[in-house]
Structure formats: structure tokens, C-alpha cells
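Chain by chain, the residues:
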Amino acid sequence: EEEDEEELPSILQQKKRWVVAEGLLVWCKFNKYPYWPAVVRSVKRKYKKASILFVDENVLDAKEKSRRGICVSVRTLKPFDCEERQQLMTAARKTYNNAIDWCVGLIDDYRIRRGCHSFTGSFVEYCAAELSIPVRRTSSQDPMTFPCTSIEEETELESQTETTPSRQQRVKKLLPDRRKAARDRANERLVHFIVQAKGVEKHLQAVIKGQQYSHWLDEYKSRRQNSGYIDTYLEDDRQVDKVVTYLQSVCDRVSLNTQLREDCEESRFILDVLLPEAIIHAIAEVDRMSIKQAEEKYLKGPLHSGREVEHFNEEVEQQMKMKVQLKKPSTG
């Protein structure tokens, strides 16, 4: 009987087994990066693998399935409420500063709402819902940096070549370019801020009325002739058309002052002055950075992946070959 009494506490102290399941919030360790919050999208128990989505500012895009999950071993996962939670946050904060606090705050708010039954959907659905907007917007004035973009690029490069078990022959497998997709998502938020939210309209109106200084306007006036090149920053023609159409409507509602009307052609004024003004101020607001930082980002333009550069070079090479072929005199 004494032995039975001694064994009883050890049975009661057994921890409940942790099971990785779809929708679960976890910490995930990927290569050289610190543990980072993630949501499990699916589980392959036979192979002890899980498809996860790292939590970052773009997590709401997962609702439309536009973001591809990353396949990891379940051994790299820890429960979000694990005992080492604070240590994991401290380690991540060393490199990514307030970004980890933003992620954890977002998850904590979701779980509180679930506990209070004020929200019953999944974490991804919560991120896409209006009630999460106040938390998603909570950040310092400095732009946040997440490891997720770099991780996705690494997995893309690793997936471009696969080796089959039966033969050691490398087979290229082309996947969607995630860096390009990430840029398109980021630019779509800029377009939404400019067109739907009208977040820069007051500034644009002030520029049009001559009440706000614009060095873009000075540069436009100083050019003796119009430049044939227009830096739109946006890479998607549909996005450019949407913004330009909106800028045209702003001009229609606010008459150009007399001096501007004399000095500027309206179409060039929109493309050379209002377009960069709108995009730069949108970047500053959406990415939480200063106007100076936003302008530097605008001037730097998109950072193209190695695959994009390779594809561009291949296209140029093909065009050069075609030109050479056309120049060759026909025989016969």
C-alpha cells in the first residue's frame, strides 16, 4: 500500500502530451534564425512534418491562401506557452527588436478574445478581421524587420533543385517567386492606403494648390524637356493604373493654381510630381518610417531576387540572338 501511495503523485504529475495540429500557434526554429511564432497550416503525421506560416505583418494574406506554407519537422516546433517563452522572445529581440513583441502581442490579443468568446475564428481569420486592426497597427515609429522574408527566400532557393532517391540527377523545380509576390502584397497595401483610404489626399491637395513645397515639382520645372522615363515604383500595371486614375480624380476636384497651370502639363504633373509624392507619403505611413527614409526606399526601388535577374538576363540574351538572326543576310 505504501508503494502505491508513493507512485500516485508521479502519475498525477505527468504532463499532458502536446500534439501538433492544424491551426495551432507554435514557436518554430528554422536554420540560423531564432525561434519565431508561427501558425500550423497542416500536418503530415506519417512523415512527422508540418506546414507552417511564420507570423509577420503579411500573415493576413494567408486567408486568401496567397502565401505558401513552409514545410518543417515537428521537432523544430515548441508550444507557444512553453516554459522558455520569455527566453525565446529575448533571443529574437536581439536581432528583430520590437517585431517579436508585435507578433506576440497580436497572438495574445487573439487568444484573449477566443477565451472571452468575442471571436471564434482561426488566428488567420482574426488577422484579416477589423477587430485586429488596432493591434496590427501598434508599432514604434521605426520600421519593423521580420525574419520571414529571408526564410521564404532560402526555402525557395532550396526547393529550386531536388534530388530523387532513385537517381542522383538534379531536377529543377520552378516555384513562384516569393520575393516578387511579397513586393506585390506590400505595394497593394500602398495602393489601398492611397486610393481607398485616401491617406495622402490632403497632402496632394496642398501640393496642387501650391500650399505645400514639393522638390519633385521643382525638378519637373527645371527640366527643359519631359523625361521619357517614369519611375512608378509599383511593378504591377494594374496598381499603377489605379493610382494614376485616382490622382487624376484629385486633380479634377482641385483646380491647379494659375502658376502651375502655366508651367505644367497636367498628365506630366500627375506622373512626375503627384505619383512620387503619393507613394513616398504612403510608404512613410504604412511602413511607419520618416519621409526621408521613405524617399530613400522609393529611390532605391524594388530589390530583385537572383532568379528575377537571371530571368531578365535570359530574356535580353534571347532578344540579342533574335536581332543577330534578323541581321544575317538570307541565302539562296
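Residues numbered from 1 in each chain as written. Predicted model: local features only at pLDDT ≥ 70, side-chain atom pairs only at ≥ 80, totals over all residues. Heavy atoms only, no water.

(A) Focus on the overall build of the protein. A tally of helices and strands in the protein yields 14 helices and 7 strands. Partitioning the contacts of the protein with sequence separation of at least 6, the portion at a separation of at least 24 is 64%. (Helix = DSSP H or I, 4+ residues; strand = E, 2+ residues; numbered from the N terminus. Contact = heavy atoms within 4.5 Å.)

(B) Structural context of the confidence of the model for the protein. Per-residue confidence for the protein gives a mean pLDDT of 77; residues scoring 70 or more make up 70%. Strand 6 (residues 161-163) is the least confidently modelled element of the protein, averaging 41 in pLDDT, while strand 1 (residues 25-28) averages 94, the highest of any element. For residues 1-15, every residue scores under 50 in pLDDT, and the model assigns this stretch 1 contact once sequence neighbours within four places are set aside. Predicted confidence is poor over residues 160-175, with pLDDT under 50, and the contacts of this stretch with residues over four places away or in other chains come to 20 contacts. (pLDDT = per-residue confidence, 0-100.)

(C) Examining helix 9 (residues 215-222) more closely. All buried positions along helix 9 are accounted for by Trp 216, Leu 217 and Tyr 220. Viewed along the axis of helix 9, the buried residues span an arc of 100°, placing them on a single side of the element. (Buried < 20%, exposed > 50% of the residue type's maximum accessible area, 1.4 Å probe, protein only. Arc of directions from axis to C-beta.)

(D) Focus on unusual backbone geometry. Of note in this structure, Lys 198 is not a glycine but carries a positive phi near 55°. Mapped onto the elements, Lys 198 comes out in the loop between helix 7 (178-196) and helix 8 (201-208). The backbone phi angle of Arg 288 is positive, close to 55°, even though this residue is not glycine. With respect to the element layout, Arg 288 can be found in the loop between helix 12 (266-286) and helix 13 (291-300).

(E) Molecular detail of the sheet that holds strand 3 (residues 49-54). Spatially, the 5 strands line up as an open sheet ordered 4-3-2-1-5, and their pairing is antiparallel. Pairing within the sheet leaves two strands with one partner each, and these edge strands are strand 4 (70-73) and strand 5 (77-79). Neighbouring strand axes in the sheet, compared pairwise and without regard to direction, differ in orientation by 50° on average. Looking at chain direction, strand 2 (residues 36-44) and strand 3 are connected through 6 bridges and run antiparallel. Across the sheet, residue Ala 38 finds its bridge partner in strand 3, namely Phe 54. Seen against the sheet, helix 2 (residues 85-96) touches strand 1, strand 2 and strand 5 and runs at an angle of roughly 60° to strand 1. Relative to the sheet, helix 3 (residues 98-115) contacts strand 1 and strand 2, its axis offset from that of strand 2 by approximately 60°. (Pairing = 2+ DSSP bridges. Axes fitted to C-alpha atoms, helices over the stretch in contact; angles between N-to-C directions.)

(F) Representation of the pattern of salt bridges. Tallied over the full model, the rule gives 11 salt bridges. Arg 113 is the partner of Asp 109 in a salt bridge, and the nearest nitrogen-oxygen pair spans 2.9 Å. Here Arg 113 and Asp 109 lie together in helix 3, a separation of 4 residues that amounts to about one turn. Its relative accessible area of 17% is what places Asp 109 among the buried residues. Here Glu 235 and Arg 183 are joined by a salt bridge, their closest N and O atoms 2.5 Å apart. (Salt bridge = Lys/Arg side-chain N within 4 Å of Asp/Glu carboxyl O.)

(G) Representation of the environment of Asn 31 within the structure. Counting through the fold element by element, Asn 31 comes out in the loop between strand 1 and strand 2. With a relative accessible area of 44%, Asn 31 lands in the partly exposed category. Sequence spacing of Asn 31 and Thr 76 is 45 residues, and the spatial spacing of their C-alpha atoms is 9.6 Å.

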